[in-house]
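Fold and geometry: a report
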Amino acid sequence: METLTVREARSPSAVGREIRLQGWVRTRRDSKGGFSFLELNDGSCLGNIQIVVPGELPNYESEIKRLTTGCSIVVEGVIQASPGEKQAVELLARRIAVFGWAPPESYPLQKKRHSYEFLRTIAHLRPRTNSFGAVMRVRNTVCRSIHEFFQEEGFLYVHTPIITASDCEGAGAMFRVTTLDPTATPPPQPQDDFFGKPTYLTVSGQLEAEVFACSLGKVYTFGPTFRAENSNTTRHLAEFWMVEPEAAFFELPDNMDLAERFLKRIFRDVLERSAEDMEFFARWVEPSAVTTLQHVLQEEFVRLTYTEAVEILRQSGQDFEFPVEWGRDLQAEHERYLTETHFRKPVILSDYPRAIKPFYMRLNDDERTVRAMDVLLPRVGEIIGGSQREERLDVLTRRMEEQGLRAEDYWWYLDLRRFGTVPHSGFGLGLERAVQFITGMGNIRDVIPFPRTPGSAEF
Ligand code: ATP
Ligand code: MN
């Protein structure tokens, strides 16, 4: 006898087959006619399959009638066309065995709708809910598209290190990695540490990806990144996944084209491959979840310089919380105004003031701006940050001095400019921001299996 998933069993072609299913009971309903209905889910798809349980089964009274939400079972029987309106097929059970019980007095997931806040406190059980199951399947679809897209475009997957000695952004928000005991006396010295120098969890694989772009041409890295910023927002995690393409001989417009093609590919795949889950989000989470994706697919992304954006914002007549002034970084409220209200489509902003961007972004001829680009989307704001990289050794060293970075610490990065330097560009997409945008989920903590945020790393 073949074991199928619920997803396979629900297809009309399964009718007439004798099969085995395994999963968790969502509900049980007893009929007056002396038989019962079970709704079974195994995570393979959003929908359940209806199991018809005849009262004649030997364990009907002793076990079946004690089944509650969350119990795990194996069922054997025949798939048949369902007379009911709610489902095309159902399974007529011939044998049911119980793997595990889930006493309703103590099992935290009951049939009612639980709040996302509550579900975060049971992160080990929330994958059994409709919403979190749907999020995880969409997340998987996105990851599959990411790899397919870059592989088809001829990008090589490289694995950049998670432990690093360089601070990519030139900022301080990193986690230290150490084996030293801070309470030891005398106080431990950095040179006694495991790597003989201070090391951190990476904030980005970009610098290392540049090494491989400047030798293999087109590469991407996709892995966990870490930021110790103490920002408790709905769009920030301390540990998140980032996909970072980096390509030699790409200038900023090439980089923008790549980003637009990339996002559209992901959105198209999700609409096609995760249609059932997307309908769920549109029904229960964000009414515009599907239509926004469809809309974005049809639109060409607006390309605009930072300077032009500042002009638009200043003339908008909006009462922003943070002032808009040339030279200041844009806040989420500004980004969202541009993409949600002013243009009503995705926006790629470029050429930001040099002072608010990292040292590695290529300096423009105006000496005031750098070849940075951010992709902004409705609801989430910035989803991608990238740039053309500074490939001129003298300019790069000057920029590093300006930002108080020591050239010795970046000798290998500078070597890429000393020997056979080439123009190159890349960007970073936050995976969770992408999943958040696609699903319409309001809080980034609900689109990653085990969120890490300030004060919270229980699971
Ligand atoms: P923001 O301004 O939104 O804090 P950033 O400019 O610091 O982001 P980048 O360094 O440009 O972010 O990182 C590239 C991408 O990684 C961002 O566009 C975003 O999608 C994602 N990202 C950055 N920080 C976080 C975070 N703390 N949690 C989740 N995703 C993040
Ligand atoms: Mn950014």
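First things first, this report covers the structure right here in the doc.

The rules behind the values
Each chain carries its own residue numbering, running from 1 in the direction its sequence is written. Here the convention is simple: chains get letters from A, ligands get numbers from 1, in the order in which they are written. Local features are withheld for residues below a pLDDT of 70 in this predicted model, meaning they are given only at 70 or higher, and side-chain atom pairs are given and counted only at 80 or more; totals for whole chains, interfaces and linings count all residues. To get the side-chain values, all heavy atoms of the structure are used, and hydrogens and water are removed first. Secondary structure elements are defined from DSSP: runs of H or I of at least 4 residues count as helices, runs of E of at least 2 residues count as strands, and each element is numbered from the N terminus. Burial classification: accessible surface area is computed with a 1.4 Å probe over protein chains only, and a residue below 20% of its type maximum counts as buried, one above 50% as exposed, and the rest as partly exposed. What sets the accessible areas is the Shrake-Rupley method with a 1.4 Å probe; for residues, cover comes only from the shown protein chains. Within this scheme the basic residues Lys and Arg register as positive and the acidic residues Asp and Glu register as negative, but His and the chain ends are omitted. The atoms used to mark charge sites are NZ of Lys, CZ of Arg, CG of Asp and CD of Glu. Any two strands with at least two DSSP-identified bridges between them are counted as paired. The salt bridge definition used is simple: a Lys or Arg side-chain nitrogen within 4 Å of an Asp or Glu carboxyl oxygen. Think of each axis as a best-fit line through the C-alpha atoms, taken over the contacting stretch in the case of a helix, with angles from 0 to 180 degrees between the N-to-C directions. Angle categories are assigned with fixed cut-offs, so that under 35 degrees is roughly parallel, over 145 is roughly antiparallel, 65 to 115 is roughly perpendicular, and the rest are oblique. Each crossing gets its hand from how the near helix is turned against the far one by less than a right angle, where anticlockwise is left-handed and clockwise is right-handed. Any two residues having at least one pair of non-hydrogen atoms within 4.5 Å are treated as being in contact. Ring geometry is summarised as follows: Phe, Tyr and Trp rings, the Trp one being its six-membered ring, pair when their centres sit within 6.5 Å, and such pairs are stacked at plane angles under 30 degrees, edge-to-face over 60 and tilted between the two. Throughout this document, a residue counts as near a molecule or strand when at least one of its heavy atoms sits within 4 Å of that molecule or strand. Each polar contact in these results corresponds to two N or O atoms within 3.5 Å; when the atoms are within protein, one needs to be able to donate a hydrogen and the other to accept it, and residues that are neighboring in sequence are counted only if both atoms are side-chain atoms. In this scheme, patches are assembled from residues that exceed 30% relative accessible area and form no salt bridge. Like charges are connected within 9 Å, while nonpolar side chains (Val, Leu, Ile, Met, Phe, Trp, Tyr) are connected within 5 Å.

**Some thoughts on the overall build of the chain**
Along the backbone of the chain there are twelve helices and 17 strands. Over its C-alpha atoms, taken along the principal directions, the chain stretches across nearly 85 × 60 × 45 Å. The burial tally for the chain puts 51% of its 459 residues in the buried class. Accessible surface, the chain as shown: approximately 21600 Å² in total, 51% of it carbon and sulfur. Computed over 55 positive and 66 negative side-chain charges, the separation of the two mean positions in the chain equals 6 Å.

**Some thoughts on the sheet that holds strand β17 (residues 424–430)**
If you trace the eight strands from one edge of the open sheet to the other, you get β7-β11-β12-β17-β16-β15-β14-β13, paired in mixed fashion. Taken across any chain shown, the strands that pair with only one partner, and hence form the sheet edges, are β7 (156–157) and β13 (302–305). Bridging between strand β11 (residues 218–226) and strand β12 (residues 239–248) involves nine bridges; their strand directions are antiparallel. Across the sheet, the residue bridging to Tyr220 is Pro245, located in β12.

**A short note on the pattern of salt bridges**
Opposite charge on two side chains lets them pair, provided their charged atoms get close. Taken as a whole and assessed by the stated rule, the structure comprises 34 salt bridges. Its salt-bridge partner being Glu276, residue Arg10 comes within 2.8 Å of it at the nearest N-O pair. With Arg10 in the loop between α1 (6–9) and β2 (18–30) and Glu276 in helix α6 (residues 275–284), this pair connects stretches of sequence that are 266 residues apart. Given the relative accessible area of 29%, Arg10 is considered partly exposed. Given a relative accessible area of 31%, Glu276 falls into the partly exposed group. Overlapping salt bridges bring together Arg144, Glu148, Glu152, Arg265, Asp269 and Arg273 as one network.

**Describing the sheet that holds strand β8 (residues 163–164)**
Strand order in the open sheet made by the three strands is β8-β10-β9, with antiparallel pairing throughout. The two strands at the open ends of the sheet, each matched to only one other strand, are β8 and β9 (176–177).

**Quick word on the packing of helix α4 (residues 206–216) against helix α11 (residues 411–418)**
At a minimum axis separation of 10 Å, α4 and α11 run at an interaxial angle of 30°. In terms of their interaxial angle, α4 and α11 are classed as roughly parallel. The two elements α4 and α11 cross, and the hand of that crossing is left-handed. Contact residues: Gln206, Leu207, Glu208, Glu210, Val211 and Cys214 in α4; Trp412, Tyr413, Leu416 and Arg417 in α11.

**Some thoughts on the pairing of strand β15 (residues 369–377)**
The buried fraction of β15 is high, at eight of nine residues. Both strand β14 (residues 347–353) and β15 contribute to a ladder of six bridges, which runs antiparallel. Bridge pairing in β15 places Ile348 opposite Val375. As defined by bridge partners, β15 adjoins strand β16 (residues 381–388) across six bridges and the pair is classed as antiparallel. Note on β16: the bridge partner recorded for Leu377 is Gly381. Count of turn residues in the β15/β16 antiparallel hairpin: three residues, of which Arg379 carries a positive phi of about 70°.

**Focus on the packing of aromatic side chains**
Considering all chains together, one arrives at 19 aromatic pairs under this definition. Ring geometry for Phe222 against Trp241: centres 6.0 Å apart, planes inclined by 85°, an arrangement best described as edge-to-face. Of this pair, Phe222 sits in strand β11 while Trp241 sits in strand β12, placing them 19 residues apart in sequence. Residue Phe222 is classed as buried on the basis of its relative accessible area of 8%. Between Phe359 and Tyr410, the ring centres sit 5.4 Å apart and the planes meet at 65°, which makes this aromatic pair edge-to-face. Of the two residues, Phe359 is situated in the loop between β14 and β15 and Tyr410 in the loop between α10 (393–402) and α11; the sequence distance between them amounts to 51 residues. Each member of the pair, Phe359 together with Tyr410, is buried. Connected via pairs of aromatic rings, a cluster forms that spans Phe149, Phe150, Phe155, Tyr157, Tyr220, Phe262 and Phe427.

**Points about the site of ligand 1**
Looking at ligand 1, there are 15 residues lining it, with Arg227, His236, Leu237, Glu382 and Ile383 nearest. In this structure, Ile383 approaches ligand 1 through a main-chain N or O atom, which is 2.8 Å from an oxygen atom. For ligand 1, an oxygen atom lies 3.5 Å from a polar atom in the backbone of Ile384. Protein contact buries 83% of the 590 Å² of open area that ligand 1 shows by itself.

**Points about the side chain of Ser145**
Summarising the element assignment, Ser145 is placed in helix α3 (residues 130–152). Judged by relative accessible area, which is 0%, Ser145 ranks as buried. Ignoring sequence-local partners within four residues, the contact set of Ser145 consists of Ile266, Asp269 and Arg273.

**Some words on a nonpolar patch on the surface**
The grouping of Ile162, Ile163, Phe194 and Phe195 at the surface amounts to a nonpolar patch, some 400 Å² of accessible area in total. Along the polypeptide, Ile163 turns up in strand β8. You can call Ile163 partly exposed: its relative accessible area is 40%.

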